[in-house]
Amino acid sequence: MSYHQRSRQDGNRHGRGSGGYNDRRYNRDDRRGGGYRRNRAPSPSRDDEVEDIEVRLRGLIIKIGDKISPELQVNLKKMKNILDNDYVKYPETVQDTLKACVSELPAKSPVYGTLFGLLNVSSHEVVAKLMNEVNEMLKETVVEANWAKLKQLLRFYGELVNANVIRPTSYCGLLSNLLSALDEPNQHRARLDCIVYVVLATLPWSGKELSERSTANLNQILQQIEAYMNRRGQIPSRDILRRYRGGIHDNQQRDELTHLWSLIQELRSKGWDTPLLPKPYQWFDKDFSSALQHDVPAIEPPKHSDSVNYIKPARPLKINVDDAGVSLPNVPDHNGLEYFILQDIITDTIKIFESNRKECSKYLLAIGHNFEAGKFRSQNQQQDSEDDRMDEDPTGWSLADVLIENLFSQMLDLPTAPVRQVFYMCILAELCRADSASFPMALGRGVKLIFDSIEDMDAACIYRLACWFAHHLSNFGFQWDWAAWQSTLSLDPAHPKLCFIRETLEKDIRLSYYERIKSTVPEPFHALIPAQPPAPDFEYENGDHPLHDYAKEVINSLKAKKSADDVQAILQRFKEEQGTQGADEQEQFRQMRELFLQSMLLVGSKSFSHVLNVVERYLDVLRFVNSTPEGRLHSVQIVASFWKQNSQFLGILLDKLLNYRVIDPSSVIAWAFEKDQLDHAERSFTWEILENTLNKVVTRVQQVKAKLENCQQMHAENEAKRAQEALTEMAQAEAQQELDTLRLIENSLATVSREQKEVFIVAYQKFVQVLQEQLTSSGQGQADAELTWTYRWIFGWFREMMRLYYKDCSGFLTTMETVVFTNDVDERITAVFADVKGMQEEETSVV
């Protein structure tokens, strides 16, 4: 359905300017001109010609209003004439394209609303058919509870009010129907907040017309919202969701819905005047005044469901501010309505085009042309201002700075970003390529601004930023102004600035190779790069090692692909020899385990496929030497020691061993909190491995739950079929078999749920124990700023693990409070748990 999947040629086949009408109109006779030529290619078929016309027509509809300018007035009339003539010939093409445009191009709602208005004046019957399609799409959207799409459609319906296509009373009735949920008792606050947000977000686009033509209805809508906001109250801020410990970038932690409500109240007091929004409908007010209006369907607000994705206002990250926290001239006021509108459009565009980074970058860069002229700098102004002195810049906002700020705001949002992290890597690279004149410089400036304040940034945000930055550098030849950061080299090795640079370089080594990265960065930064390239550390490499010959025998047997029994016989003989030398049973197993694992890892060290092959071939031997909890922890330690110079291999190998059940989550957790790892808490790879381990535990539960739900649904459907037929012995047997399967899955779910609970409690106990020890060693009365960097990093990752899995732990919060977060735990630690409980309560709270 999506228009950008259908119009594959519209980007270079249609005209220039604001709508592409400077080109000759698509001409059915172009192919027929000229006489007979001996070598002339066969004429295209009628079907091909029609398809080509439809592609061009789609492209013209999509490109209309790409730039708000005086020429748009003429182009809209031309577009109206084209649709008047061609709708009857290509009704499905016109309908599908317009439906996609009004639902997938959020910045161009005013243009398409005005186009509908012009068509309504000349072809009321055509618009009646179009409105029937749009109304059906609206009803489907409500049934699906697709709140993001509903917001965009309501924005478009508001523009239809401006163009007099629908009555303002009908539109107010539509909003009132949605808001009727506010009067229902004991409703989920997330659902009601979502409804209020959707309505408030659309009012700036049509508030002026509504206030003049349907004052009483608009006032009633605002009174409904005001009553709810008073009843709802201010939602307390959660420290666990702060991207910064303090400062000017993320320090307010305001209730965004309350802030939006205050902006709408302020807009109301100013007579609903929104200079940012284009008003093309005003060009045709006289024409629209005599038009007939169309009906709007009655809708009911979607009911609550745990599977529904409720939307809410985005939380801005203030990058472009001065030392007092005041917004710089290159961006709108962060606390103003204009910033909210732009942020809302950018968020919607990203959500719609997440799967297509090229289309997404195209429409993001076009946003500067979709609003009133003079708000954003022209391309020439932006190029002239790329001198890193934005506070001295002339009038107008920088679109690149606004986009970068919003993309970073999303990428660093907590607890999770709205879309996958890889999207932000791809879209920022694509924007740099698409707007090479200004975007790369603006991005570099934004990175430096964030780097200057990174000391107070949340640990997980620093990690995300380093992952993105490494990926970005890999797309552009690993070039960066490293000299600007050379002064940071004298800081503590665990300082966030140094850690960010080190993490970036280590990840770039993964994305490239050691020598390339080392030759790219200036020599002073070589101290942040490992002294040796990533390589295995084989315990028995030295020929003088007493076990060198035994290791050689095992390695040769593995390379010869001997059977698991043969290898196990070699290990058993080695174990017995160690026993004759006085080693006890436990020490014999330790040495045998280390001998086998070191040898196996060396044989598989060439590549991931090599190590996976040898692991699968000798899986029985691995399970034999890892039959105890102590053995599994020892195996993790051996793997970590072998790959201590290659954290990427370490993480992948532990992941595979978890999959094969050679080790278990508890052994990985125990390893992560050993002294060797805690002494380097600023290194992210340990926490990556821990998070991946917890993700596996959560995924197992989710998979079993999904399997149970599918079986329950299938059983219910089969039961309904059997109820309509005569009961036979075979039917009874089938029903019993289904019930037996359900019981098995239920038992499996109980088992994996219990394991999940045990794993998370162990992990959080470890965190609390370590943090308590850090606080004790640092001095209980010291302020946070005086604590060690080690504490700051561990505490930061503790916050991340708590907020990341707060939903998965919701079923045993009481147990956690009893067992982990007891009264004798420091209040700075229990405050994190209190925030997690608050987040969970907000998920289920009712108003």
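Residues numbered from 1 in each chain as written. Predicted model: local features only at pLDDT ≥ 70, side-chain atom pairs only at ≥ 80, totals over all residues. Heavy atoms only, no water.

## A short note on the packing of aromatic side chains
Per the counting criterion, the structure on display carries 37 aromatic pairs. Measuring from ring centre to ring centre gives 5.5 Å for phenylalanine 376 and tryptophan 397, while their planes differ by 85 degrees; the resulting arrangement is edge-to-face. Taken as a pair, phenylalanine 376 in the loop between α15 (357–365) and α16 (379–384) and tryptophan 397 in the loop between α16 and α17 (399–411) lie far apart in primary sequence, 21 residues in all. Residue tryptophan 397 is classed as buried on the basis of its relative accessible area of 11%. Their ring planes at 65 degrees and their centres at 5.0 Å tell us that tyrosine 550 and phenylalanine 574 sit as a pair that is edge-to-face. Separated by 24 residues along the polypeptide, tyrosine 550 in helix α23 (residues 548–559) and phenylalanine 574 in helix α24 (residues 564–580) bring together distant segments of the chain. Relative accessible area serves as the criterion here: at 2%, phenylalanine 574 is assigned to the buried category. Members of the aromatic cluster, connected to one another through ring pairs, are Tyr463, Phe673, Trp687, Phe767, Tyr791, Phe795, Trp797, Phe798, Phe821 and Phe833. The ring of tryptophan 480 has lysine 448 lying over it, and the distance from NZ or CZ to the ring centre is 5.8 Å. (Phe/Tyr/Trp six-rings, centres within 6.5 Å; stacked < 30°, edge-to-face > 60°. Helix = DSSP H or I, 4+ residues; strand = E, 2+ residues; numbered from the N terminus. Buried < 20%, exposed > 50% of the residue type's maximum accessible area, 1.4 Å probe, protein only. Lys NZ or Arg CZ within 6 Å of the ring centre and 35° of its normal.)

## Quick look at the nonpolar core
Ranked by internal contacts, the top residues of the largest apolar core, which has 254 residues, are Phe116, Trp147, Tyr157, Phe408 and Phe596. Of all the elements, helix α10 (residues 189–213) adds the most residues to this core, at 12 residues. Dropping the residues within four chain positions of it, tryptophan 147 is found in contact with Leu178, Cys194, Ile195, Val198, Pro302, Val308, Asn309, Tyr310 and Ile311. (Core = buried A, V, L, I, M, F, W, Y, C linked by side-chain atoms within 4.5 Å. Contact = heavy atoms within 4.5 Å.)

## Re helix α7 (residues 124–144)
Look at α7: 30 Å from first C-alpha to last across 21 residues, which is about the 30 Å you get at 1.5 Å a residue. Along its buried surface, α7 packs onto α5 (91–104), α6 (109–122), α8 (147–162) and α9 (168–179). Residue alanine 145 follows α7 closely and has a positive phi angle near 55 degrees. (Expected span 1.5 Å × (residues − 1).)

## Re the environment of isoleucine 248
The topology assignment puts isoleucine 248 in the loop between α11 (215–232) and α12 (256–269). Residue classification places isoleucine 248 among the partly exposed residues on the basis of a relative accessible area of 24%. Distance from isoleucine 248 to valine 321, taken between C-alpha atoms, is 7.8 Å for residues 73 residues apart in sequence. Excluding residues within four positions of it along the chain, isoleucine 248 makes contact with Lys318, Val321, Asp322, Asp323, Ala324 and Gly325.

## Some words on the side chain of arginine 238
With respect to the secondary-structure elements, arginine 238 resides in the loop between α11 and α12. Of the residues examined, arginine 238 reaches a relative accessible area of 16% and is grouped as buried. Here glutamate 842 takes part through its side chain, which lies 3.0 Å from a polar atom of the side chain of arginine 238. (Polar contact = N/O pair within 3.5 Å; in protein donor to acceptor, adjacent residues only side chain to side chain.)

## Looking at the pattern of salt bridges
Counted under the stated rule, the structure contains 53 salt bridges. The salt bridge involving glutamate 136 is made with lysine 139; its shortest N-O contact spans 2.9 Å. Of this pair, glutamate 136 and lysine 139 both sit in helix α7, three residues apart, which is roughly one turn of the helix. One salt-bridge network, in which partners are shared between bridges, spans Arg189, Asp193, Arg232, Arg238, Asp255 and Glu842. (Salt bridge = Lys/Arg side-chain N within 4 Å of Asp/Glu carboxyl O.)

## Concerning the packing of α17 against helix α19 (residues 439–452)
Viewed as axis vectors pointing N to C, α17 and α19 meet at an angle of 50 degrees, and their least axial separation amounts to 9 Å. For the element pair α17 / α19, the angle class is oblique. As α17 runs across α19, the sense of the crossing is right-handed. Facing α17, whose interface residues are Ala400, Asp401, Leu403, Ile404 and Phe408, α19 presents Phe439, Ala442, Leu443, Arg445, Val447 and Ile450. Here the residues of the contact of α17 with α19 sort into nine nonpolar, no polar and two charged. (Axes fitted to C-alpha atoms, helices over the stretch in contact; angles between N-to-C directions. Parallel < 35°, antiparallel > 145°, perpendicular 65-115°, else oblique. Left-handed = near helix turned anticlockwise from the far one by under 90°. Nonpolar A, V, L, I, M, F, W, Y, C, P; charged D, E, K, R; others polar.)

## A short note on the environment of leucine 179
Within the secondary structure, leucine 179 sits in helix α9. Sequence-wise, leucine 179 and phenylalanine 476 are 297 residues apart; in three dimensions their C-alpha atoms are separated by 49 Å.

## Section: unusual backbone geometry
The peptide bond linking leucine 414 to proline 415 adopts the cis configuration, its omega dihedral lying at 10 degrees. Take proline 415: it is sitting in the loop between α17 and α18 (421–434). Phi at alanine 145 is positive, roughly 55 degrees, even though this residue is not glycine. Residue placement: alanine 145 occurs in the loop between α7 and α8. What makes alanine 145 buried here is its relative accessible area of 12%. Phi is positive for lysine 561, which is not a glycine, with a value near 60 degrees. Within the fold, lysine 561 resides in the loop between α23 and α24. Relative accessible area serves as the criterion here: at 56%, lysine 561 is assigned to the exposed category.

Remember that the coordinates give geometry; whether it matters functionally is a separate question.
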